[in-house]
Amino acid sequence: SINTKFNLIKIYKIQKVMAKFYFFFLLLTLAQINIIVSNSIIDYSHDKGEPLSIQAGSLSSRRGIIPYGYTRLNICYSQKVIKAEDTLGEILTGEVLYTTDYIANTNEDEFCQVLCYNSFNAKTVNLIKKLIKRRYFTNWIVDKLPAGLLLYNQETKQTSLKYFNGIPLGYQKDGIFYIYNHYQFHILLNKIDEDRFNVVGFNILPISIKHNKEEAVCAKESKSILENLEKEPQPLEEGNILFTYDVVFEYSDITLASRWDHYKTVRAGIHWSGIILSEFLIVSITIAIATTLCRSLKADITSYNYRVSNLEEINEYDWKQISGDVFRPPAVNVLLLSSILGTGTQLFLMVAATLSLGSLGFMNPEQRANILNIGILFFCFMGLPGGYIAALFYRFWGGTSWLRVSLLTSVLFPGTLIFGYIIVNIVLSIEKSNAAVHFYDIVSLFILWIFCTFPLILIGSFFGYKSKRLNVPCDINRIPSAIPDKPCYLNYRYINFITGLIGFATIFIELNSVMSALWRHQIYFMATFIGISFLLFVIVVGEMAVLFVFLNLCRGDYNWAWKSFKMGGSPVIYIIIYSVLYFFYLRITRISSMIVYFGMMGLISAMVLFICGSIAVLFNFVFLKLIYSKIR
């Protein structure tokens, strides 16, 4: 017929469009993977005398948490200071690098080199004093290696080394502020051959020296450089201050493959202990669920089927007797729940794919912003299965418009994200932070959503709605059954606290490491561990939801869909509590920092809620299909 031909033509056109999007995203994915792999195999070797680029990153603090750009200090800032190329991930995280005027040639020591004669006005002096009070540090980088801090003990005459990713701007003593205006750059080299080296370490000893006007008084040779520590310090005040530096090269047995070992603040043994504890918890829960459900179900199904076959009267009221209601559509907000399932699926696949690449070792610490780049790419690409799942369940629950569910799915999480991030970005802009996203960057994200994410969700929703309807083993009664009263211990309000606590326990150790990387500016290396913890977390959330939904079914409560979502998302309660406690640990005092902290943690909590709630609903749907297919 004409209608059939029209539908076939329409489907054919949509398939062509989808094929083009698949091809486009395949190219994007391959290009991004090529970038990651190429970044993982960068050649860090240098010939003798070859210039090394000393870069200055953002100013960061454990207390302030809002990063600032290096150029805001106006210290020896000239036209030669070149901003390094940045990606979308670096823009969103504020990881902006600047190539400075410090000169370092491979394996050629330099002493008491003059960088500049800098003029400070009252505004700049007050700004630097505030940053010193808030313990802001400059992040220096050579060959992608963050600088370690060398500390000199005046009493023992020995130096110690700390790797917490930052060099202080100065210090305060007896009410007077002093600025570090002399840096000793200690660069460790691993010798490849006679005239070729790998950079395997980078440390800085900051010193405050009061020079004589425009004449440097620092040591001019290697054996005297520690004498710089005994010289009169330079007060931070208005006027001109001379900045100098040394470059010292040292030979080391550290290999290129192990040069990041010093930055690992947490040992792998702690992570393995957490994973083993989580596995033990999962095994215990699985055994308990298997014992509770399998025995009960096997006996119930055998007895029920025997009595039905022999036409015996059945007066009991349990999970078998509500088969005509258990697949009934949710009483409220079918459209919203379907969209949440699609969004949760999209986010889950995004996280799973990103962590898989990280676990395979593609995302090295030199390119940390690549994680965010890959996450954005996968979020766009996973809009296709997300839209498909949303429309599939929407149709199953009686929805009539695939376009409505696709529109809501496409704006649900991005809308939440944009609304929250705009508030955070306004605060960052007011604070003049380098993490503030410019208008054209927001526009580029909007274009990415309009032309990539939204069309893929639209296509997925179309095929999800037009595909074969989900098949369930039971017909739905026209009139819903009455739900009897339940004991208080099966009340979902209490159950949510239990399931949330158990789920939170499986990710507590990794969550602490992730929080340290986010807010204490530590480098997170353990992609494999967080991937395993995420998998265990998903399993625990699904199992706990299945167990308590079944116990409620035995009491005649067949409204499981929204309650499954709440049970699955219940770990968010404890993540929020933990975030509040961690906030006091950071000792944040500024209101702007508070807004940024709670804004970002709120967005992370929303993502966990979508993922875990959707997983719980899908686990329960599969479980109910399985057990009700066994009864007659």
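Residues numbered from 1 in each chain as written. Predicted model: local features only at pLDDT ≥ 70, side-chain atom pairs only at ≥ 80, totals over all residues. Heavy atoms only, no water.

Colleague: Sorry, what's going on with the overall build of the protein here?
Modeller: Assigned secondary structure in the protein consists of 14 helices and 17 strands. Sorting the 632 residues of the protein into buried and exposed places 51% on the buried side. Look at the contacts in the protein between residues 6 or more apart in sequence, and 82% of them connect residues 24 or more apart. For the protein, the exposed area adds up to about 30700 Å²; of that, 61% sits on carbon and sulfur atoms. (Helix = DSSP H or I, 4+ residues; strand = E, 2+ residues; numbered from the N terminus. Buried < 20%, exposed > 50% of the residue type's maximum accessible area, 1.4 Å probe, protein only. Contact = heavy atoms within 4.5 Å. Areas by Shrake-Rupley, 256 points an atom, 1.4 Å probe, with all protein chains shown as cover.)

Colleague: Looking at this model, I keep getting lost on a positive patch on the surface. Mind explaining?
Modeller: A surface patch of like charges, here positive, comprises Arg72, Lys123, Lys130, Lys133 and Lys432. Here Lys130 lies in helix α3 (residues 122-133). For Lys130, a relative accessible area of 48% corresponds to the partly exposed category. (Patch = residues over 30% accessible without salt bridge, like charges linked within 9 Å, V, L, I, M, F, W, Y side chains within 5 Å. Salt bridge = Lys/Arg side-chain N within 4 Å of Asp/Glu carboxyl O. Lys, Arg positive; Asp, Glu negative; His and termini not counted. Charge placed at Lys NZ, Arg CZ, Asp CG, Glu CD.)

Colleague: Just to check I follow, could you spell out the nonpolar core for this structure?
Modeller: One broad trend across soluble globular proteins is that nonpolar side chains are buried collectively. Formed by 145 residues in total, the largest nonpolar core has its most connected members in Trp140, Phe185, Phe243, Phe327, Tyr597, Leu624 and Tyr628. The element contributing the most residues to this core is helix α14 (residues 591-628), with 15 residues. Grouped together as the second largest cluster of nonpolar side chains are 10 residues, Cys112, Leu150, Leu205 and Cys218 included. (Core = buried A, V, L, I, M, F, W, Y, C linked by side-chain atoms within 4.5 Å.)

Colleague: Even after reading the chapter, I still don't get helix α13 (residues 571-586), so can you show me in this structure?
Modeller: An α-helical turn contains 3.6 residues, so any two residues separated by three or four positions project in the same direction. Here α13 contains 16 residues, and its C-alpha end-to-end distance of 22 Å stays within 8% of the 22 Å for a straight helix at 1.5 Å per residue. The complete set of buried residues in α13 reads Pro571, Val572, Tyr574, Ile575, Tyr578, Ser579, Tyr582, Phe583 and Leu586. Positive phi appears at Arg587, one or two residues downstream of α13, with a value of about 55°. (Expected span 1.5 Å × (residues − 1).)

Colleague: Any chance you could explain the pairing of strand β8 (residues 137-142) here in plain terms?
Modeller: As a general feature of sheets, a regular strand has side chains that alternate between the two faces. Burial analysis of β8 places six of its six residues in the buried class, the great majority of the element. Of the two faces of β8, both are covered, the one formed by Phe137, Asn139 and Ile141 as well as the one formed by Thr138, Trp140 and Val142. Across five bridges, the pairing between strand β3 (residues 54-60) and β8 is antiparallel. By the bridge assignment, Ala56 is partnered in β8 with Trp140. Examined bridge by bridge, β8 and strand β12 (residues 167-168) share two bridges and lie antiparallel to one another. Note that in β12 the partner of Thr138 across the bridge is Ile167. (Pairing = 2+ DSSP bridges.)

Colleague: Help me out: how do you make sense of the environment of Thr244 in this one?
Modeller: By secondary structure assignment, the location of Thr244 is in strand β17 (residues 239-251). As a C-alpha pair, Thr244 and His182 span 62 residues in sequence and 4.8 Å in three-dimensional space. Setting aside chain neighbours within four positions, we find Thr244 in contact with Gln113, Val114, Leu115, Asn181, His182, Tyr183, His211, Ala216 and Cys218.

Colleague: I would appreciate a short explanation of the state of the cysteines in the present structure.
Modeller: The term disulfide refers to a covalent linkage connecting the sulfur atoms of a pair of cysteines. On inspection of all chains with the given rule, the structure shows one disulfide. One disulfide in the model links Cys112 with Cys218; its S-S distance is 1.9 Å. One quick way to see it: the torsion about the S-S bond of Cys112 and Cys218 is about 85°, and its sign makes the bridge right-handed. Taken together, the residues Cys112 in strand β7 (residues 110-120) and Cys218 in the loop between β16 (196-207) and β17 connect sequence positions 106 residues apart. The same class applies to Cys112 and to Cys218, which are both buried. Cys380 supplies the cysteine sulfur nearest to Cys452, a cysteine that is in no disulfide, at a spacing of 5.5 Å. Look at Cys452 and you get buried, because its relative accessible area is 8%. (Disulfide = S-S within 2.5 Å.)

Colleague: What exactly am I supposed to notice about unusual backbone geometry here?
Modeller: Excluding glycine, a negative phi dihedral is what most residues carry, and trans is how most peptide bonds are arranged. Positive phi, normally seen in glycine, also occurs at Asn107, with a value near 65°. The topology assignment puts Asn107 in the loop between β6 (104-105) and β7. Asn107 sits in the buried class, given a relative accessible area of 18%. Located in the positive-phi region is Arg135, a residue other than glycine, with phi close to 60°. Relative to the helices and strands, Arg135 resides in the loop between α3 and β8.

Colleague: Honestly, the confidence of the model for the protein in this entry has me stumped. Any pointers?
Modeller: Should the pLDDT be low somewhere, the predicted coordinates at that spot are not to be read in detail. Scored by pLDDT, the protein comes out at a mean of 80, with 80% of its residues at no less than 70. Contacts for the low-pLDDT stretch residues 1-12, under 50 throughout, to residues beyond four places or in other chains number two contacts. (pLDDT = per-residue confidence, 0-100.)

Colleague: Please clarify how the environment of Ile483 should be interpreted in this entry.
Modeller: Note that Ile483 resides in the loop between α9 (439-466) and α10 (492-519). Using a relative accessible area of 35% as the deciding quantity, one classes Ile483 as partly exposed. With 75 residues separating them in the primary sequence, Ile483 and Tyr558 have C-alpha atoms 7.8 Å apart. Filtering out sequence-adjacent residues up to four positions away, Ile483 remains in contact with Gly556, Asp557, Tyr558 and Asn559.

Colleague: I'm lost on the pairing of β3 in this one. Help?
Modeller: With seven of seven residues buried, β3 is to be regarded as a mostly interior element. One ladder, built from two bridges, connects β3 with strand β5 (residues 98-99); its direction is antiparallel. Within β5, the residue paired with Gln55 across the bridge is Thr99.

Colleague: Is there a simple way to think about the side chain of Asn190 in this case?
Modeller: Mapped onto the fold, Asn190 is located in strand β15 (residues 182-193). Excluding residues that lie within four positions of it along the chain, Asn190 makes contacts with Arg196, Phe197, Asn198, Val200, Ser252, Asp253, Ile254 and Thr255.

Colleague: When you look at the packing of aromatic side chains in this model, what are you seeing that I'm missing?
Modeller: Any aromatic ring pair is given by two values, namely how distant the centres are and how the planes are angled relative to each other. If you walk through the whole model with that rule in mind, you get 39 aromatic pairs. With a centroid separation of 6.2 Å and 40° between ring planes, the pair formed by Phe197 and Tyr251 is classed as tilted. One end of the pair, Phe197, is in strand β16; the other, Tyr251, is in strand β17, with 54 residues separating them in the sequence. Site record: aromatic cluster; members linked through ring pairs are Tyr70, Tyr102, Trp140, Tyr183, Phe185, Phe202 and Tyr245. (Phe/Tyr/Trp six-rings, centres within 6.5 Å; stacked < 30°, edge-to-face > 60°.)

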